[in-house]
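Here is how the chains run, residue by residue.
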Amino acid sequence: MGKIQVGNITDIDILGSRTIQIDDIEVAVFRLSDGTVKAVENRCPHKGGKLSEGMVCGSSVHCPLHDWKIDLNSGEVHKPDDGCITTYLTEVDETNGSIYITL
């Protein structure tokens with residue numbers, strides 16, 4: 001599908017998220033405390049909780065249903081739980097703040 005513009009850095013508060021629907025893919029876009037932006041599949045591998053509604057801590061998000069902790073860089077679930085979600089390459093245009101993800 002390629003690189004798609006999904007919004008602007010000013011659209012997402014620090015430690016906040018935004019949900020983007022691209023065809024049948026729902027993507028959660030997060031802005032971390034260090035200003036970086038991460039995009040992942042918006043579905044916990046455990047029970048399908050919407051990760052965009054979870055709490056961001058460092059570079060991880062806690063699923064709002066059962067508190068599974070998922071690394072936003074790798075998509076890996078932290079132990080003792082097990083699983084993985086899809087992550088998407090994310091870029092921010094430093095000149096205008098546009099956010100792009102690559103599907």
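This text goes with the structure placed above it.
Predicted model, so just to flag it, every value in this text is computed and none were measured.

What follows is about unusual backbone geometry. If a residue is not glycine, its phi is most likely negative; likewise, a peptide bond is most likely trans. Each neighbour pair has its own omega, and for Lys79 with Pro80 the value is 15°, a cis peptide bond. Tracing the backbone through its elements, the reader meets Pro80 in the loop between strand S7 (69-71) and strand S8 (87-92). We note that Asp67 has phi near 65°; this positive angle belongs to a residue other than glycine. Locating Asp67 in the fold gives a position in the loop between strand S6 (60-62) and S7.

Counting through the fold element by element, Phe30 comes out in strand S3 (residues 25-31). Distance from Phe30 to Leu15, taken between C-alpha atoms, is 6.8 Å for residues 15 residues apart in sequence. Other than its neighbours up to four places away in sequence, Phe30 contacts Gly16, Ser17, Thr36, Val37, Lys38, Val40, Leu51, Ser52, Val56, Val61 and Leu72.

Turning to the sheet that holds S8, a few remarks are in order. Taking strand neighbours across the sheet as the criterion, the 6 strands line up as S1-S9-S8-S4-S3-S2 in an open arrangement whose pairing is antiparallel. Two strands close off the open sheet at either side, each with one partner strand: strand S1 (3-8) and strand S2 (17-22). Here the strands of the sheet are splayed against their neighbours by 30° on average, with no regard to which way each runs. Across 4 bridges, the pairing between S8 and strand S9 (residues 98-102) is antiparallel.

Analysis parameters
Residues numbered from 1 in each chain as written. Predicted model: local features only at pLDDT ≥ 70, side-chain atom pairs only at ≥ 80, totals over all residues. Heavy atoms only, no water. Helix = DSSP H or I, 4+ residues; strand = E, 2+ residues; numbered from the N terminus. Contact = heavy atoms within 4.5 Å. Pairing = 2+ DSSP bridges. Axes fitted to C-alpha atoms, helices over the stretch in contact; angles between N-to-C directions.

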